[in-house]
Structure formats: structure tokens, C-alpha cells
Amino acid sequence: MKKKAEGVKLHNSGRNLPAALKKIGLKIRNYVLDTEEVLPGQKIRWKRVFGLSALVAFLFALPAIVTNIIFDWIPMFDGIIKAFCYVDSRGNSYFVGLQNFKNVFSDPILYKSIGNMLFFFVFNLLLMFPTIICTVVMFRMKSAKVQYVYRVLLCLPMVVPSLVFTLLWIFVFGYNFGVLTDLAERLFGHRYNFLGDPKLIKWTILFTGIPWVTSNNVLIYIGGLNGISESVWDAAKMDGVGPIRKFFSLELPLIVGQFKLVLIGVLGASITSYSTQLLYYNAAVHDSIMTPGLLMYYKAFPLTTVPSDYGYSYALGLILFVVSLFLSLLTLKFVKSSD
Amino acid sequence: MNTMNNALPIAKMAGKKRRWIPHDIGKNIYMWLVLILMLLPLYILLISSFKTSADVLNHFFVPTFPLVFTNFPKAWEIISPYFLTTFYYAAMNTVITTLVSVLAGYAFGKLRFPCRKLLFMCLFAKMFLPTVMNLVPSFMLAAKLGILNTVWVIVLFCVGQSQPYWVFVMKTFVEQQPKELFESMRLDGASELRIFATLVAPLLLPMISLMAINLVLFSWNDFVWPLVTLTEDSKRTITVGLYWLSKSQVGRDYGVLMSGYLLSALPLVVVFLFGMKAFMKGLTAGAIKI
């Protein structure tokens, strides 16, 4: 009896196979031709599919597609392919297999640079918290007007290019004489070379972030906190929740979505961005400031007359690409699974 | 009953006021500490640009009198080429990228053409791919196209790389609008371009202003890409120009250098003053990008 039923089922599905194929074909056709409203059996209005209005619409989208393909997709594929090539200064490339990767992994500076990257990585994660604390303190203020004034004042530094602040900090510390260096000498009786000492440079860079409050992120968090209904806060008040417990059991869980968003940004930036290190770079601190991103940059655009090693740069770029892609997929998964 | 109702809020307010003082004083002190630390560099910039070079070094934290106004003309003379060049680049960047994104957003959101979804996926996928690898290949491509040291090396790569996100934003916004809005105009015999200019563009104006501010901020702050692609001094952007200035002989005249730094903030100050709300929204507009 059971066997018979299975047989019937098999037979049925066999008969439906062409129909199923046809259905898939139809789906593909509708997807490609953008004719989703056409039901099976209905005729396609070819005049609409390839008519003047479709042409105009295509022309509207064309500049975006063309520029994206040429200036975004092509460099990406070029980066993947040329990582396996020797590239000379004229841009000619010759296939060399894994040679570039061998060069990268046998370079001792790579391992130092990974260590430096991890240093910034860990501290960038830790230094996410001052911003959250500042936002929560600001949010808890009773007067909306005062809150707004603070918010505007926090955004005020954004009018100056961030590079200018970095240059200003470099000036304040100074290579030979700097106001802060002089001040530190008077206070501690020892002349610290904040910018030129390999042991100090990373801490100097971290220090210049003081007070480690990022205006953009304050705005993101405050947007999240403002989106929460008033009744939640009233309920907390009724229950007499203390300020610290309120932070851990209410505010922090409520902005966890925003937190993840910022986290993804911080993770990506810690691995791939190097413009700050580039600005603080000097030969004396070479080993302790180099990050893989900066290494990729300097191999292609060296400071001195050392010839460019484009192959190295391409290979390291591909490694960074894969690592940060993997990490962002991981965070995305983690974000999805806990939501 | 009535008096009760009136009295209640007053009693509530009085209670609040009594508690307000001890509570928020601590918070205010904390906020001021944070703000002082954040605004200290701005303050230093401001006072230093009115000082002689010697005063910058000897009296760093306090303003000195008389104020030196001659720093600004001197600084302007040096940085004005960079300033004007960046202004031009930023304007081109903003106008072209916005136009391209809005046109595409409208086409993907409300119009029909073959391969629409396929092509959109091609843009959309780019939102999730890291861009760290692009620096050297982009440089090679620019060199091959012969556009190094031109405005196009900035504009074309900005258009190509920054629009997937914005096309996505515009498309989502256009899709939310009722279909009838567009249909009625079409039935009246208006051409697509006309619909775009008279209906779509005004509808998208809030989004366009956000995007424009975001792009201006980006163009004014961008550093690494202009540093490698604009090697001729006359073509440099403000950030690259200031970077080289800080390393050169001009960097020895600190008052002038500081006023140069301060002048670089001018356009963004103007944007900030005239559109504070839009500016603050523009700061976080790119944040949804993953």
C-alpha cells in the first residue's frame, strides 16, 4: 500500500518536471525582462519591455552602473588578479603564482604590523565606551534645551578637517620642541619624546583621541535612545531603579542595535584604515607604528627612492580584503542571530 | 476636582525642580569637562592664529594682545589655491554624484527596464564589500586613463565608489511614494525627464540635502586618495596642501600656519551655521552603511 502511494508520488513529480522547469524559466524570464506582472499564459507586451520609456529608464540608471563598474568593480577584480602577478612601474603584469604572498608572509615587519594593528584594535573597542557614557549622561538631562545645546557643541569640532587636529597634536607634542613635551619635562623632570620614541608612539596616538567621544556616534546613540517610548523610563522611575543598574539593564540593551552598527564600523576601521598612522609616521618609530594597511600603502607609495613593490601591495591588499570581509560577515551573522 | 487637576502638575513641577538641582549639576560638570577637552584644540587654533610665532610658543594656552591680524592674509595667500581647488572638487563631486544617484534611484525604484534587478544587485553587492584593496588598483587605473592630477581622478572615483549606498537610499525612498503620483503625470503626457525634474527631485530634496552635506564633508576631509593621485602642487586639495605645509618652511611661522588651519574650516563653518540640523543629520547619514 505504502509502496504504491510512493510510486504514484514519484510518477506525479515526474510528470510535473517539465512544468516545474517551465515555472523556473518563467521566473528567470520575468526577472531578467522585469515583467513580474505578466501571469503565466499571458502575452508579454514587448512594446513595454523594450519601448521608449524602458530605454529612458535604462539611460537614467546607466551613469551609476557604468561608473560603478569602471571605478569600483574593475579595481576590485584587478586587485584580485594582480595579487598573483609581478607588476612593474609601468603597470605591466606577469603571472608569478603565489610569489607575492610568499614575500608578504616571509617579511618580519608584517608580524610586527599585525601586533600593532591588534593594539589599536583592542583599544578602539575599549574606547567605544566613553562615547556611550557621554551619550547616556546627556540623555538623562531633564531639559531638552540643554541637551540640544550640548549636542550642537559636541558637533562643533566636526567643522575642522580631522587632519588639522592631528597636525595640531603633532605640533603640540613637537619633534624637537613642543609645548606639551616641555610641560611634561617640567612636571616629571624627564624629557619624553612622545612622537619619536617607539615605546610611546602608540600611546601618544591613543591619547590624542581625548576625551574619546566621537560626535557621529553620539548622534547615532542618541537617535536610538530617543526612539524609545517614554513609558519605559517612567516604569523604571516607578521601580526606583538606580542610575548604574538603569544603565546596564535599560539603556545599554536598548541601544544594542546602534552599538552593533558602530562596532562593525570600528572593527573595519581598526583593520583597514591607516591615515592617522600615516600622519604620525617617522622613520624612528617605523616598527611600532606600522600596520598592515600602512604597509600596503608604503609598498606602493614609498617615502624614499626605494622602488615600489606593487605585487607585495596587491597581495597584502587582497589579504586585508579577505580578512575584513570575513570579519564583517561574522559580525553580520552575530548581529542577525542575536536579534 | 478641577482644582485638583490644576494642582497636580504644579506639585509635580515643584517636586521635579527640587530634585533637578542636585541631580543635573554633576551631569553638567561632566559634560563641560568632556566639552572642554573636545573644544580645546579649536580654542588653541583660534587664539594661536592671532599670535606671532614667538607668542605661539611662549604663551600657548592664553590669548596674547595685541591681536595679530596679518597672519590671515599671509595664510590665505598660501592656502587659497588649495582652498579654491578643493572647493571646485567638492562642488563637482557633490553635484555629479548626487545627480547620478538620484537618477538611478528613481529608475530602480519606480521605472521598469530589462535587467533592472540584476543591475541593482550589482550596485547593492558593493555596499557589503570592503574597499581597502581598492587603493593601488584604483591608482593604476587612474594612471592608465591618464587622469592623475586632474579633477576627474577625484570626481569619477567618488561617483563610482560612493553611490551604491546613496542609490539604495534614494530607491527605498522613491519606492515608498504612492504609484499614482507618477502615473497621473505620465497620463498627462509628461516626459520622464519632466517628471523627474518637477516631481521626483523636489520630493527627494530632504534626502538630497543630506547626501550633499555628507559628500561635502567627505570631499573636504578626504586625505589618502588625493595624497597619492594629486602630486602636482597646484592640483592639491586642502588637506594634502596643509599636510605638506606643516612639513615645509612655512610651517616655521606658527601663527600663519595656525590661521591657515583655521581658514580650512571656513566652508564647513558656513554649512554648519546655515543648516545646523541638516549638518548634524548629514554626519550620521552614512552610518547605515555596513
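See the structure printed just above.
If you're wondering where the values come from, they're calculated on a predicted model, not measured in any experiment.

Focus on the overall build of chain B
Stage number 1. Looking only at helices and strands, one finds 14 helices and 0 strands in chain B.
Stage number 2. Reading chain B from its N terminus to its C terminus gives the helix and strand order α-α-α-α-α-α-α-α-α-α-α-α-α-α.
Stage number 3. Burial analysis of chain B (290 residues in total) assigns 52% to the buried set.
Stage number 4. Long-range contacts, defined here as pairs at least 24 residues apart, represent 71% of the contacts in chain B between residues at least 6 apart.
Stage number 5. When the accessible surface of chain B is split by element, carbon and sulfur atoms take 71% of a total near 13,900 Å².

A few points about the interface of chain A and chain B
Stage number 1. On the side of chain B, 97 residues touch chain A, which itself brings 97 residues to the contact.
Stage number 2. Taking both sides of the interface into account, the surface hidden between chain A and chain B amounts to around 8,800 Å²; carbon and sulfur atoms contribute 79%.
Stage number 3. The interface formed by chain A and chain B includes 1 salt bridge.
Stage number 4. Across the pair B:Lys126 and A:Asp72 runs a salt bridge, and its minimum N-O distance is 3.5 Å.
Stage number 5. Sort the elements by how many residues they give to the side of chain A that touches chain B and helix α3 (residues 52–82) of chain A lands first, with 22 residues.

Focus on unusual backbone geometry
Stage number 1. Backbone torsion omega between A:Ile210 and A:Pro211 reads 0 degrees, so that peptide bond is classified as cis.
Stage number 2. The amide bond that connects B:Phe65 to the next residue, B:Pro66, takes the cis arrangement and shows omega of -5 degrees.
Stage number 3. Phi is positive for A:Trp212, which is not a glycine, with a value near 60 degrees.
Stage number 4. Mapped onto the elements, A:Trp212 comes out in the loop between α10 (201–207) and α11 (215–226).
Stage number 5. Positive phi values are uncommon outside glycine, yet B:Cys115 reaches one of about 65 degrees.
Stage number 6. Here B:Cys115 shows up in the loop between α3 (71–110) and α4 (116–126).

A word on the pattern of salt bridges
Stage number 1. The final tally for this structure, using the stated rule, is 11 salt bridges over all chains.
Stage number 2. One salt-bridge network, held together by shared partners, links A:Asp182, A:Glu185 and A:Arg191.

Description of a nonpolar patch on the surface
Stage number 1. A grouping of A:Leu183, A:Leu187, A:Phe188, A:Tyr192, B:Phe61 and B:Val62 is seen on the molecular surface, where their side chains present a nonpolar patch of about 590 Å² in accessible area.
Stage number 2. Relative to the assigned elements, A:Tyr192 resides in the loop between α9 (179–188) and α10.

Quick notes on the rules
- Residues numbered from 1 in each chain as written.
- Chains lettered and ligands numbered in written order.
- Predicted model: local features only at pLDDT ≥ 70, side-chain atom pairs only at ≥ 80, totals over all residues.
- Heavy atoms only, no water.
- Helix = DSSP H or I, 4+ residues; strand = E, 2+ residues; numbered from the N terminus.
- Buried < 20%, exposed > 50% of the residue type's maximum accessible area, 1.4 Å probe, protein only.
- Contact = heavy atoms within 4.5 Å.
- Areas by Shrake-Rupley, 256 points an atom, 1.4 Å probe, with all protein chains shown as cover.
- Buried area = accessible area lost by both parts, 1.4 Å probe.
- Salt bridge = Lys/Arg side-chain N within 4 Å of Asp/Glu carboxyl O.
- Patch = residues over 30% accessible without salt bridge, like charges linked within 9 Å, V, L, I, M, F, W, Y side chains within 5 Å.

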